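Chain by chain, the residues:
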Amino acid sequence: AWCCISQVYCKKDLLLGILACIDPKAQYSEFDEDDLAHKLCKHLRKQKYLIVLDDIWDIEAWNALKISFPDDTNGSRILLTSRHHGIIGESHHLRPLDEEESWELLQKKLSITIEGGYPVELSVLGRQIAKNCNGLPLSIVIISGILGTLDQGRWGEVAERLDSNSKIGATEQCKSILELSYIHLPDHLKPCLLYFSAFREDQEISVKRLMLLWMAEGFVRKKESESLEKLAEGYLIALINRSLVMEGQQRSIGGVKTCHIHDLLHVFCLGKAKDQNFLHLIRGCDG
C-alpha cells in the first residue's frame, strides 16, 4: 500500500487510503477512526506486507498509524519518506541526479511533450538546462513542460534564467522554476492551475468534479464548435502535458479519473492565490 501523508493530514483519510489499496472493493467510509485502525490491523495480521508512508513531516503522523501495523516477524516492511532527517529508524539519503541522469530524464520527458522527440540540434543547450537543474527531478520535469511549449529559439532564455539561479538553494530554485512555468502558461490556464490550491495537499481530485467547478467559476471559455465539458478536458490535458498536473486513477473506459499536483506546486499555488486574492479557503478534515 502507498499512502501520502504530507504536512496537513486526516488520520481517517490515511486509514481509508491504505485500506483501499489492500481491499479495493470494500466500503469503509462509514467507520470511525478506531474501527478503521482495527480493521487495517486485522487485514495485515499474519500477512507479509510493504507499506509506503510518503512525505511524513513529523513523528506524530507515524505515532497515529503505527498501532495498525502488526509485527509478526515475517519480513514485512514499512518505508517512510520525508524531507526532514531523523523522523524514525535508519535513514537513507537520496542523492541528486548526476549530469548524465539529468540529461537522460530531460530527453525522456521531451520525447513525450514534443512531437518527434527533442530536437537534436539543441542537445548542447538541453544539456546545459539539465545541468542547471542541479540534479532535482522535479525541476527537470517542470522545465520539460516549459520547453515543450516554447519555440526552439527561446530555449536560450530558459537556459539563461536557470544559469542565473543555479547557486541558490534547491527549494528556492524549484520556486523559481515554478514561477517561470506559471509565467509561460496561457492566461486561460492560470486560474485553472491556481484552483488546485482549494484542495488539500496531495489530494486525489475527481476530474469530473474539478471540471464542473472550473465551468461553474467561469474559467472555461465557450467556443461555438465545442462543449464546455470538452474544452475543460482540453484544459486539464494541457496542464498534464506541461507536467504541472499528475494523472491519478484511470477510467475503465479510458481517460483520467483522478488527478493531483506536487506538494511544492500546491504551496506555490496557495501563495500565488493569496497574492492575487484569487480565493479564500475554509478548511475541514474532509474538505
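Before going into details, it helps to say that this report is about the structure given with it. Only a predicted model underlies this, so the values are computations on that prediction, with no experimental measurement involved. (Residues numbered from 1 in each chain as written. Predicted model: local features only at pLDDT ≥ 70, side-chain atom pairs only at ≥ 80, totals over all residues. Heavy atoms only, no water.)

1. Some remarks on the pattern of salt bridges
The condition that has to hold: Salt bridge, as used here: a side-chain nitrogen of Lys or Arg that lies within 4 Å of a carboxyl oxygen of Asp or Glu. Numbering goes from the N terminus for both helices and strands, where a helix is a DSSP run of H or I of at least four residues and a strand is a run of E of at least two. Note on exposure labels: buried denotes an accessible area under 20% of the residue type's maximum, exposed denotes more than 50%, and partly exposed covers the range between, all computed with a 1.4 Å probe on protein chains only.
All told, the structure shown has nine salt bridges when counted by the stated rule. We note a salt bridge from Arg200 to Asp13, for which the minimum N-O separation is 3.2 Å. With Arg200 in the loop between α9 (190–194) and β4 (205–206) and Asp13 in helix α1 (residues 11–22), the pair connects residues that are 187 residues apart, well separated along the chain. The partner of Glu179 in a salt bridge is Lys272, with the nearest N and O atoms 3.0 Å apart. Residue Glu179 is found in helix α8 (residues 170–183), and its partner Lys272 is found in helix α12 (residues 263–275); the two are separated by 93 residues along the sequence. Residue Glu179 is classed as partly exposed on the basis of its relative accessible area of 24%.

2. Considerations on the nonpolar core
Here is the rule: Residue types Ala, Val, Leu, Ile, Met, Phe, Trp, Tyr and Cys, when buried and joined through side-chain atoms within 4.5 Å, form a set referred to as a nonpolar core. Contacts between residues were defined by any pair of non-hydrogen atoms, one from each residue, lying within 4.5 Å.
One finds Ile143, Phe196, Trp214 and Leu239 to be the most contacted residues of the largest nonpolar core, which totals 54 residues. The element best represented in this core is helix α11 (residues 228–241), accounting for seven residues. Setting aside anything within four residues of it in sequence, one finds Leu239 in contact with Leu185, Leu189, Cys192, Leu193, Phe196, Trp214, Leu244 and Val245.

3. Overview of the sheet that holds strand β3 (residues 77–80)
Rules: For two strands to count as paired, DSSP must find a minimum of two bridges between them. Interaxial angle, 0 to 180 degrees, is taken between N-to-C directions of lines fitted to C-alpha atoms, where a helix line uses only the stretch in contact.
Taken in spatial order, the three strands make up an open sheet running β1-β2-β3, and their pairing is parallel. Each having just a single partner strand, β1 (2–4) and β3 make up the two edges of the open sheet. Neighbour to neighbour, the strand axes of the sheet diverge by 15 degrees on average, direction disregarded. By the bridge criterion, four bridges tie strand β2 (residues 50–54) to β3 in an arrangement that is parallel. Residue pairing for β3: Leu50 is matched across the bridge by Arg77. Packing of α1 onto the sheet brings it into contact with β1 and β2, and relative to β1 it is tilted by some 160 degrees.

4. Looking at unusual backbone geometry
You will see that Lys46, though not glycine, has its phi angle at about 70 degrees, which is positive. Tracing the chain through its elements places Lys46 in the loop between α2 (33–44) and β2. Given the relative accessible area of 66%, Lys46 is considered exposed. Even without being glycine, Thr73 reaches a positive phi, approximately 50 degrees. Along the polypeptide, Thr73 turns up in the loop between α3 (59–65) and β3.

5. Comments concerning the environment of Ser243
When you line up the elements, Ser243 lands in the loop between α11 and β5 (246–247). The exposure class assigned to Ser243 is buried, which follows from its relative accessible area of 15%. Residues Ser243 and Ile129 lie 114 residues apart in sequence; the distance between their C-alpha atoms is 17 Å. Contact partners of Ser243, with chain neighbours within four places excluded, come to Lys109, Val141, Ile142, Ser144 and Gly145.

6. Points about the sheet that holds strand β6 (residues 258–260)
Judged by pairing direction, the sheet is antiparallel, and its three strands sit side by side in the order β4-β6-β5 without closing on themselves. If you trace the sheet from one side to the other, it starts and ends with β4 and β5, each paired once. As paired elements, β5 and β6 share two bridges and run antiparallel to each other. Paired with Glu247 across the two strands is Cys259, which belongs to β6.

7. Details of the packing of aromatic side chains
Condition: Centres within 6.5 Å are what make two rings of Phe, Tyr or Trp a pair, Trp counting through its six-membered ring; a difference in plane orientation under 30 degrees is then read as stacked, over 60 as edge-to-face, and the rest as tilted.
Counted under the stated rule, the structure contains seven aromatic pairs. Ring centres of Tyr182 and Phe268 lie 6.0 Å apart, and the angle between their planes is 65 degrees; this geometry places the pair in the edge-to-face category. Placement of Tyr182 in helix α8 and of Phe268 in helix α12 is noted, with a sequence separation of 86 residues between them. Residue Tyr182 is classed as buried on the basis of its relative accessible area, which comes to 7%. Between Phe196 and Trp214 the ring centres are 6.4 Å apart and the planes differ by 75 degrees, which places this aromatic pair in the edge-to-face class. Residue Phe196 is located in the loop between α9 and β4, and its partner Trp214 is located in helix α10 (residues 207–217); the two are separated by 18 residues in the primary sequence. For the residue pair Phe196 and Trp214, the accessibility class agrees, reading buried in each case.

8. As for the side chain of Ser68
Along the chain, Ser68 falls in the loop between α3 and β3. Relative accessible area serves as the criterion here: at 0%, Ser68 is assigned to the buried category.

9. A closer look at the state of the cysteines
Selection rule: Any cysteine sulfur atom paired with another within 2.5 Å is treated as part of a disulfide.
Taken as a whole and assessed by the stated rule, the structure comprises zero disulfides. Here Cys4 is not disulfide-linked; the sulfur of Cys3 is the nearest cysteine sulfur, at 6.9 Å. No disulfide involves Cys192; its sulfur sits 11 Å from that of Cys259, the nearest cysteine.

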